[in-house]
Amino acid sequence: MKLFPVHSILWSSLLVLCASQNETEASNPDVCQAKYPSGDIYDHSTSEQEHYVEKDEVDENNFRCLLYPTNILNCSWSFPTLQKDAQIFVNISVCDDHGAGHSLNLSSEERVGSMSSILHAHKELNVILCFNITLHDKWTVYASPFDINMLEVLSPPQNISASVKNEGLVVTWGLPHSHIDPNPHCFEYQLDMGDKERSKNLTDQLSYTEPNPDPTSTYNVRMRTRKSHGCQESSQWSDWSRAVTVKQSFYKLNTLVIISISLGIPMILLAALLLVRHQRVAKVLFPPIPCPPPKYKYFLEKNDTFNLFHPAPSAEPVEEITEVEDTEQKP
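Calculation notes
Residues numbered from 1 in each chain as written. Predicted model: local features only at pLDDT ≥ 70, side-chain atom pairs only at ≥ 80, totals over all residues. Heavy atoms only, no water. Pairing = 2+ DSSP bridges. Helix = DSSP H or I, 4+ residues; strand = E, 2+ residues; numbered from the N terminus. Axes fitted to C-alpha atoms, helices over the stretch in contact; angles between N-to-C directions. Disulfide = S-S within 2.5 Å. Buried < 20%, exposed > 50% of the residue type's maximum accessible area, 1.4 Å probe, protein only. Phe/Tyr/Trp six-rings, centres within 6.5 Å; stacked < 30°, edge-to-face > 60°. Polar contact = N/O pair within 3.5 Å; in protein donor to acceptor, adjacent residues only side chain to side chain.

## What about the sheet that holds strand 11 (residues 187-192)?
Then, number 1: Pairing in this open sheet of 4 strands is antiparallel, and the strands run 12-11-14-15 from one edge to the other. The sheet terminates laterally at strand 12 (200-203) and strand 15 (244-247), the two strands that pair on one side only. When the angles between neighbouring strand axes are averaged without regard to direction, this sheet yields 30°.
Then, number 2: With 6 bridges connecting them, strand 11 and strand 14 (residues 218-227) associate as antiparallel partners. Residue pairing for strand 14: D192 is matched across the bridge by R222.

## A few points about the pairing of strand 9 (residues 158-165)
In summary, the side chains of a regular strand alternate between the two faces of the sheet.
Then, number 1: Pairing between strand 9 and strand 10 (residues 168-174): 6 bridges, direction antiparallel. Paired with A162 across the bridge in strand 10 is V171.
Then, number 2: Between strand 9 and the antiparallel strand that follows it, strand 10, lie 2 residues; N166 among them carries a positive phi value of about 50°.

## Points about the state of the cysteines
Then, number 1: With the rule as written, the count across this model stands at 2 disulfides.
Then, number 2: Put simply, C65 and C75 are joined by a disulfide, and their sulfur atoms are 2.0 Å apart. A torsion of 115° about the S-S bond marks the disulfide between C65 and C75 as right-handed. In this pair, C65 is assigned in strand 2 (residues 63-67) and C75 in strand 3 (residues 72-78), connecting sequence segments 10 residues apart.
Then, number 3: The disulfide partner of C186 is C231, and the S-S distance across this bridge is 2.0 Å. What sets the handedness of the C186 and C231 disulfide is the S-S torsion sign, and at about -70° it is left-handed. One end of the pair, C186, is in the loop between strand 10 and strand 11; the other, C231, is in the loop between strand 14 and strand 15, and 45 residues separate them in sequence.
Then, number 4: Taking relative accessible area as the criterion, C186 reaches 10% and is therefore assigned buried.
Then, number 5: With no disulfide of its own, C130 lies 8.4 Å from the sulfur of C95, the closest cysteine sulfur.

## Focus on the packing of aromatic side chains
Then, number 1: Evaluated as defined, the whole model comprises 4 aromatic pairs.
Then, number 2: Seen from their ring centres, F79 and F131 are 5.1 Å apart, and the 75° between their planes marks the pair as edge-to-face. In this pair, F79 sits in the loop between strand 3 and strand 4 (87-95) while F131 sits in strand 7 (residues 126-135), placing the two residues 52 residues apart along the sequence.
Then, number 3: On the basis of relative accessible area, F131 is assigned to the buried category, the value being 1%.

## What to know about the environment of N183
Then, number 1: You can see N183 is positioned in the loop between strand 10 and strand 11.
Then, number 2: In this structure, the C-alpha to C-alpha distance between N183 and K227, residues 44 residues apart in sequence, is 9.9 Å.
Then, number 3: Within polar-contact distance, the side chain of N183 engages the backbone nitrogen of H185 at 2.9 Å.

So, to be careful, I would describe these as geometric facts and stop short of saying anything about function.
Here is the structure:
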């Protein structure tokens, strides 16, 4: 679209006026003193009553502000569907519950962009994101406030520990740090054990037990947290915590396993010995029954045990005769 020189000058003047108007709104205390409730979009000011420029294009899904644990505030926005001739000017104001506020001196004219700044986080912190949208000779300033509950991105859970107890992998953790000290029931957690399974979603608890862990596996336990939808809508997950490594270096034997090993090993050794020396062991364990000679079978069959042996003949007395001769000589 081509503009004539006069129109170009007028258009430039209008942009300067809009920018000045937006800067005035951002630094004006009434932006904070309006005390808009968080979580909605408000028509802060307009050049013409009952006429709001590009109101349908200003949706809460198009922008967001987050305050990270490092106290870095990041606000991002995206308005790709604005009319070609529309201009946008973005500004951030920081307020507290007393209505006092100041501008971060952060501004942008990009339709898609982001801005960051370091803030001192506290319970009364409120951030107002203002959009001054100009189309031709009309403009509207939209304001979207964020309180600390909407801004805060939590830190990972504290004091994470993991160990094997009673044949289960026990994981315990503490409450995450928060600037507003919400109810412990407001936190939900994701537990990743590094075992290629989906992360486990846990709520309203500070411990979890994984039954029957694999004794050959190494578990790298890590967690992250956020506020539940009942306490904060569209809550952002925290970063993952550092992994806690659990490696089982031993296998806990129960009584049945010990008895099985005690009886099984001797039986296996005995079976091996029998296979190697079967014949010799068989003769020792089962000796052959002796068989009597054939000449004794008859007597055994007759059951005449008294005639098994012939009696020895009785010895007859030997008579010894001695002859005496008279050898006396005659005279």
